[in-house]
Amino acid sequence: MTPFRQHLRTAGEAVIRRFPDSLRSEIYALSFRIWRIDGDERHPYVAIGYNTETQYGRETYPEDPGEARWNYALWLLDGFEMLGNVPEDPVGSPLYVDEVKELGIWFDGDYDFYAMDLPEEAEAELDAKSDLLQLHFHDCVIDLARHLHTDGILTEIFGRDLPVVVFDMDFPGWEIEATEAANPPAAIADFMAWQREAADEGATRTEEFLAEEP
């Protein structure tokens, strides 16, 4: 267990414990929204939030009630605490940098290296490191979700196990793979059933809703 992963586990649990007591019976799923500052993979974060039955009721419609329930584009997304290499996480940021430097995947300089006049070989190296940084943080967030399940933390806090939907808006559709990896099967049975129905219909619903955003 690395110091950064341990920090995510400790701080992530603390974030969830700070959710309002009045909402605990209302929350039916947790949301782990992955993003990065200015598109820079060296500065990723996860916003730890939730969706509620009330929000679901606002967005649902009879033709497809699963849409509002499981499509994160219709969820509460703003105002949640963030963990990662961001100013909002002053403890985690140096731990993250130390870890990825030790792994040899950190790089210095402008994050928009595609706009720089670099030799092709140097650009390819930075591109590969950027991809590895992304994979590393994705894995750290999935590890956090697994920990919450295996240590019984969600059941302790909410009185029941809850699905943790892990998603990255830069990669619509990845939430299926990520959420399946992050949860025990029973916790995400309804989520996966809705996703399978979407696949059978040949629709990637999240992508469609994101495309409608102004």
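Up top you'll find the structure we're talking about.
This one's a predicted model, so the numbers in the text were calculated from it and none came from an experiment.

(A) Structural detail: the pattern of salt bridges. Scanning the model with the defined rule gives 12 salt bridges in all. Taking the shortest distance from any N to any O, the salt bridge between Arg 5 and Asp 139 comes out at 2.6 Å. Residue Arg 5 is located in helix α1 (residues 3–17), and its partner Asp 139 is located in helix α5 (residues 120–150); the two are separated by 134 residues in the primary sequence. A relative accessible area of 16% places Arg 5 in the buried class. When the shortest N-O distance is used, the salt bridge between Arg 18 and Glu 81 registers 2.8 Å. Note that Arg 18 is positioned in the loop between α1 and β1 (27–36) and Glu 81 in strand β3 (residues 81–84), a separation of 63 residues in sequence. Taking the relative accessible area as the measure of exposure, Glu 81 reaches 36% and is therefore partly exposed.

(B) Quick look at the packing of aromatic side chains. The tally for this structure, following the rule as stated, stands at 10 aromatic pairs. Between Tyr 28 and Tyr 56, the aromatic rings sit 6.4 Å apart at their centres with planes inclined by 75°, giving edge-to-face as the arrangement. You can see Tyr 28 sitting in strand β1 and its partner Tyr 56 sitting in helix α2 (residues 53–59), a full 28 residues away along the chain. Between the aromatic rings of Tyr 28 and Trp 70, the centroid separation amounts to 5.7 Å while the plane-to-plane angle is 85°, which identifies the pairing as edge-to-face. Of this pair, Tyr 28 sits in strand β1 while Trp 70 is found in helix α3 (residues 65–70), placing the two residues 42 residues apart along the sequence. Here the aromatic cluster, defined as three or more aromatic residues joined through ring pairs, consists of Tyr 28, Tyr 56, Trp 70, Trp 75 and Phe 191.

(C) Here's a closer look at α1. The end-to-end C-alpha separation of α1 is 21 Å, in line with the 21 Å expected for 15 residues at 1.5 Å each. Looking at α1, one finds that the buried residues are Phe 4, Arg 5, His 7, Leu 8, Arg 9, Ala 11, Gly 12, Val 15 and Ile 16. Lining the buried residues of α1 we find β1, β2 (44–52), β3, α4 (92–103), α5 and α6 (153–158).

(D) Structural view of the packing of α5 against helix α7 (residues 174–182). Remark: α5 packs on α7, axes separated minimally by 8 Å, with the N-to-C direction vectors making an angle of 40°. Taken together, α5 and α7 sit at an angle that is classed as oblique. Contacts between α5 and α7 involve His 138, Ile 142, Ala 145, Arg 146 and His 149 from the former and Trp 174, Ala 178, Ala 181 and Ala 182 from the latter. Its residues assigned to classes, the contact of α5 with α7 comprises 6 nonpolar, 2 polar and 1 charged.

Criteria and thresholds
Residues numbered from 1 in each chain as written. Predicted model: local features only at pLDDT ≥ 70, side-chain atom pairs only at ≥ 80, totals over all residues. Heavy atoms only, no water. Salt bridge = Lys/Arg side-chain N within 4 Å of Asp/Glu carboxyl O. Helix = DSSP H or I, 4+ residues; strand = E, 2+ residues; numbered from the N terminus. Buried < 20%, exposed > 50% of the residue type's maximum accessible area, 1.4 Å probe, protein only. Phe/Tyr/Trp six-rings, centres within 6.5 Å; stacked < 30°, edge-to-face > 60°. Expected span 1.5 Å × (residues − 1). Contact = heavy atoms within 4.5 Å. Axes fitted to C-alpha atoms, helices over the stretch in contact; angles between N-to-C directions. Parallel < 35°, antiparallel > 145°, perpendicular 65-115°, else oblique. Nonpolar A, V, L, I, M, F, W, Y, C, P; charged D, E, K, R; others polar.

Geometric descriptors of this kind do not, in isolation, establish any biological role.
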